[in-house]
Amino acid sequence: MTQANAADEYLQVRSSRLWALFHVSLTRIIFPTRMIADHVGISTKEVRFWLFPWARTDDHLPLSHIAEVLHRRGLAWDAISVESSGGANPLTIAGVSKFSAGYFVEHVRERINQASAAPAPQPARR
């Protein structure tokens, strides 16, 4: 898990290479799936095939469109799923270490709560 400085604060988790080895996924061993949360929203970066790393999927979901952040706990690794308010395909990542997944989900939920608790700006009166 990576956390940057306060100026451009973001959180990043990635799938475990050991998890990929157990699931016999050469692509995930070389290019682990990443989920990044910043002040704008949540993004995932996933390489589809190891031979063509430039052919990848980058998905983004703004904080205002997030309905729920699910933390599915497993025996050794966890999974994170971020669902949109529109009900479209969720952003998911599997094979995340337990500590990283818990920290990520906790802080993303805090950001969502802060964004929803902030009052909407009032228009200027003339």
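Refer to the structure above for everything that follows.
In this report, the structure presented in the accompanying data block is examined. Counting from 1, residues in each chain are numbered in the order their sequence is written. For this predicted model, a pLDDT threshold of at least 70 governs which residues receive local features, and a threshold of 80 or more governs which side-chain atom pairs are given and counted, while totals over whole chains, interfaces and linings are taken from all residues. The side-chain values count all of the structure's non-hydrogen atoms but skip hydrogen atoms and water molecules.

Moving on, we come to the overall build of the protein. Secondary structure elements follow DSSP: runs of H or I of four or more residues count as helices, runs of E of two or more count as strands, with numbering from the N terminus. Scanning the protein for helices and strands turns up 3 helices and 8 strands. The N-to-C order of helical and strand elements in the protein reads β-β-α-α-β-β-β-β-β-β-α. Across the 126 residues in the protein, those meeting the buried criterion constitute 33%. Between two residues, a contact is recorded if the distance between any of their heavy atoms is within 4.5 Å. Residue pairs in contact within the protein that sit at least 24 positions apart in sequence constitute 38% of those at least 6 positions apart. Buried means the residue's accessible area, taken with a 1.4 Å probe over protein chains only, is under 20% of the maximum for its type, while exposed means over 50%, and partly exposed covers the values in between.

A separate point is the packing of aromatic side chains. Between 30 and 60 degrees the pair is tilted, below 30 it is stacked and above 60 it is edge-to-face, where a pair is any two Phe, Tyr or Trp rings, Trp via its six-membered ring, whose centres lie within 6.5 Å. Counted according to the given criterion, the structure contains 5 aromatic pairs. Between Phe-49 and Trp-50, the aromatic rings sit 5.9 Å apart at their centres with planes inclined by 45°, giving tilted as the arrangement. Note on Phe-49: relative accessible area 37%, which makes it partly exposed. By relative accessible area, which is 36% here, Trp-50 ends up partly exposed.

Our focus in this paragraph is the nonpolar core. Nine residue types can take part in a nonpolar core, namely buried Ala, Val, Leu, Ile, Met, Phe, Trp, Tyr and Cys, and a core is a set of them joined through side-chain atoms within 4.5 Å. Within the largest apolar cluster, 19 residues are counted, with the highest numbers of intra-cluster contacts made by Met-35, Ile-42, Ile-66, Val-69, Ile-80, Val-82 and Phe-104. Contributing elements (two or more residues each) for this core: strand 2 (11-14), strand 3 (34-37), strand 6 (66-72), strand 7 (77-84), strand 8 (91-97) and helix 3 (98-117). In terms of residue count, helix 3 provides more of this core than any other element does, 5 residues in total. Ignoring anything within four residues of it in the chain, the contact list for Ile-80 reads Val-13, Met-35, Val-69, Leu-70, Leu-91, Thr-92, Ile-93, Ala-101, Phe-104 and Val-105.

Turning our attention to the environment of Thr-92. For Thr-92, the location among the structural elements is in strand 8. In this structure Thr-92 comes out as partly exposed when scored by relative accessible area, which is 43%. Residues contacting Thr-92, with those up to four places away along its chain left out, are Met-35, Thr-44, Arg-72, Ile-80 and Ser-81.

All right, on to the side chain of Thr-27 then. Positionally, Thr-27 belongs in helix 2 (residues 26-30). There is a polar contact of 3.2 Å between the side chain of Thr-27 and the backbone nitrogen of Trp-50. For Thr-27, the residues in contact, after removing those within four places along its chain, are Pro-32, Val-47, Arg-48, Phe-49 and Trp-50. Polar contacts, as used here, are pairs of N or O atoms within 3.5 Å; protein pairs need one atom able to donate a hydrogen and one able to accept it. Residues neighboring in sequence count only if both atoms are side-chain atoms.

Any two strands between which DSSP finds at least two bridges are classified as paired. An order of 6-7-8 is seen for the 3 strands of this open sheet, with the pairing classed as antiparallel. Among the strands making up the open sheet, the edge pair consists of strand 6 and strand 8. Taken pair by pair, the neighbouring strands of this sheet meet at an average axis angle of 15°, ignoring direction. In this description, a line fitted to the C-alpha atoms serves as the axis of each element, helices being fitted only across the stretch in contact, and the angle between N-to-C directions of two axes falls anywhere from 0 to 180 degrees. The strands touched by helix 3 are strand 6, strand 7 and strand 8; relative to strand 6, the strand with the most contacts, the crossing angle is about 160°.

This part takes up helix 3. Counted at 1.5 Å a residue, the expected span for helix 3 with its 20 residues is 28 Å, and the 29 Å between its end C-alpha atoms agrees. For helix 3, the set of buried residues is Ser-100, Ala-101, Phe-104, Val-105, His-107, Val-108, Arg-111 and Ile-112. On the buried face of helix 3, the contacting elements are strand 2, strand 3, strand 4 (41-47), strand 6, strand 7 and strand 8. Under the convention used throughout, the expected extent of a helix is 1.5 Å for every residue step, that is, one less than its residue count.

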